[in-house]
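# Architecture and fold: a report
If you want the building blocks of each chain, they are given just below.
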Amino acid sequence: MKKFMAILLAGALFLGCSMTAFANSSVGTAEQASITAELTGTSSAKVVISQTYNTDEEAAAAAAMAAAPEETLKDLLDSGSLDLSDLGDVSLTTEEAYDLVFKAVMNVSLDGDTSDVTWPITVRFYIPGVTSSSKVLALYYSNGQWLTKAVTLGNGYVDIEFASEDELGAVAFYVDADTVANANSSAAVTTSSSSSSSSTTSPETGELPLARTLGVVAAVAVIGMAVAMRRRYAEA
């Protein structure tokens, strides 16, 4: 009987712990900030950001960067293939570039009526956390290698000029730690504001009310069964 009760109590403990673990595992690290883009000027064409690349080579290069962004940037800097002398509004030394944080890699293309598109074009990327003093390294993939792009910075956006349609394709961004901190701070303020104005409050990290409630109910049920069995055994 003692062995049976021990098994039941162990089951209750397992259920309680497993439900707590489920709640924690469902809340991961901060998601990569969403980036949107549009054409400046009067063209009616739309900028499309996706993970569908022009060629298999570009797709492979983007996948390799996404899988190991810091190593990829270090290899590019060590090889000397990145020209940091003309980055537009950004002044960046090689030492500073090593400390940049990966933001995103994506495919950039145009959609809709492109008949009124006049090259070169300027694409405005809206990137949370960016300011006029941010350190931003913009790269694009061309002829089998990553190259730098000059940028114009503003609060919340990065402007990049593309000389021709051939330059559109895989684009990547690395930013400094201050820009990442700005983005996280803005996201926290937005989340707090949304929670306070909504009738449904999102659970904090590690707290999923339904999962926790189910865990407690399961544990209580198992313990209740153990108590009932003990009483029945005593009466017998």
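Whatever comes next refers back to the structure up there.
Notes on the structure in this doc start here.

Quick notes on the rules
- Residues numbered from 1 in each chain as written.
- Predicted model: local features only at pLDDT ≥ 70, side-chain atom pairs only at ≥ 80, totals over all residues.
- Heavy atoms only, no water.
- Helix = DSSP H or I, 4+ residues; strand = E, 2+ residues; numbered from the N terminus.
- Pairing = 2+ DSSP bridges.
- Axes fitted to C-alpha atoms, helices over the stretch in contact; angles between N-to-C directions.
- Contact = heavy atoms within 4.5 Å.
- Buried < 20%, exposed > 50% of the residue type's maximum accessible area, 1.4 Å probe, protein only.
- Arc of directions from axis to C-beta.
- Polar contact = N/O pair within 3.5 Å; in protein donor to acceptor, adjacent residues only side chain to side chain.

### Quick notes on unusual backbone geometry
- Following Trp 119, the chain continues into Pro 120 via a peptide bond in cis, with omega recorded as 0 degrees.
- Secondary-structure assignment places Pro 120 in the loop between strand 3 (101–111) and strand 4 (121–126).

### Details of the sheet that holds strand 1 (residues 36–39)
- Read across the open sheet, the four strands follow the order 1-4-8-7; overall the sheet is antiparallel. For this open sheet the edge positions go to strand 1 and strand 7 (151–154), each flanked by a neighbour on one side alone. With strand direction ignored, the average angle separating the axes of adjacent strands in the sheet is 25 degrees.
- Pairing geometry for strand 1 and strand 4, over four bridges, is antiparallel. Bridge assignment links Glu 38 to a residue of strand 4, and that residue is Arg 124.

### What to know about the sheet that holds strand 2 (residues 46–50)
- The strand order 2-3-9-5-6 describes an open sheet built from five strands, whose pairing is antiparallel. Of all the strands in the sheet, just strand 2 and strand 6 (145–149) have a single pairing partner and so form its edges. Each adjacent strand pair in this sheet contributes to an overall mean axis angle of 35 degrees, direction not counted.
- In this sheet, strand 9 (residues 170–175) lies alongside strand 5 (residues 136–142) in antiparallel orientation, the contact comprising five bridges. Directly across from Tyr 140, in strand 9, lies its bridge partner Val 171.
- The strands touched by helix 2 (residues 56–67) are strand 3, strand 5, strand 6 and strand 9; relative to strand 3, the strand with the most contacts, the crossing angle is about 155 degrees.
- In the packing of helix 3 (residues 69–79) onto the sheet, the strands contacted are strand 3, strand 5, strand 6 and strand 9, and the crossing angle to strand 9 comes to about 95 degrees.

### Some words on helix 3
- Buried within helix 3 we find Pro 69, Thr 72, Leu 73, Leu 76 and Leu 77. For helix 3, the angular spread of buried residues about the axis comes to 130 degrees, placing them on one side. Away from the buried face of helix 3 by more than 90 degrees, exposed residues Asp 75 and Ser 79 are located.
- Its buried side turned inward, helix 3 meets helix 2, helix 4 (94–98), strand 3, strand 5, strand 6 and strand 9.

### Remarks on the environment of Ala 163
- Its place among the elements puts Ala 163 in the loop between strand 8 (157–162) and strand 9.
- The class for Ala 163 is partly exposed, based on a relative accessible area of 44%.
- Residues Ala 163 and Thr 122 lie 41 residues apart in sequence; the distance between their C-alpha atoms is 8.8 Å.
- Those residues in contact with Ala 163 that sit more than four places away from it in its chain are Trp 119, Pro 120 and Lys 149.

### Topic: the side chain of Thr 148
- Looking at the secondary structure, you find Thr 148 in strand 6.
- At 2.9 Å, the side chain of Thr 148 and the backbone oxygen of Asp 83 are in polar contact.
- Excluding its chain neighbours within four sequence positions, the residues that come into contact with Thr 148 are Leu 82, Asp 83, Leu 84, Leu 87, Leu 137, Ala 138, Leu 139 and Tyr 140.

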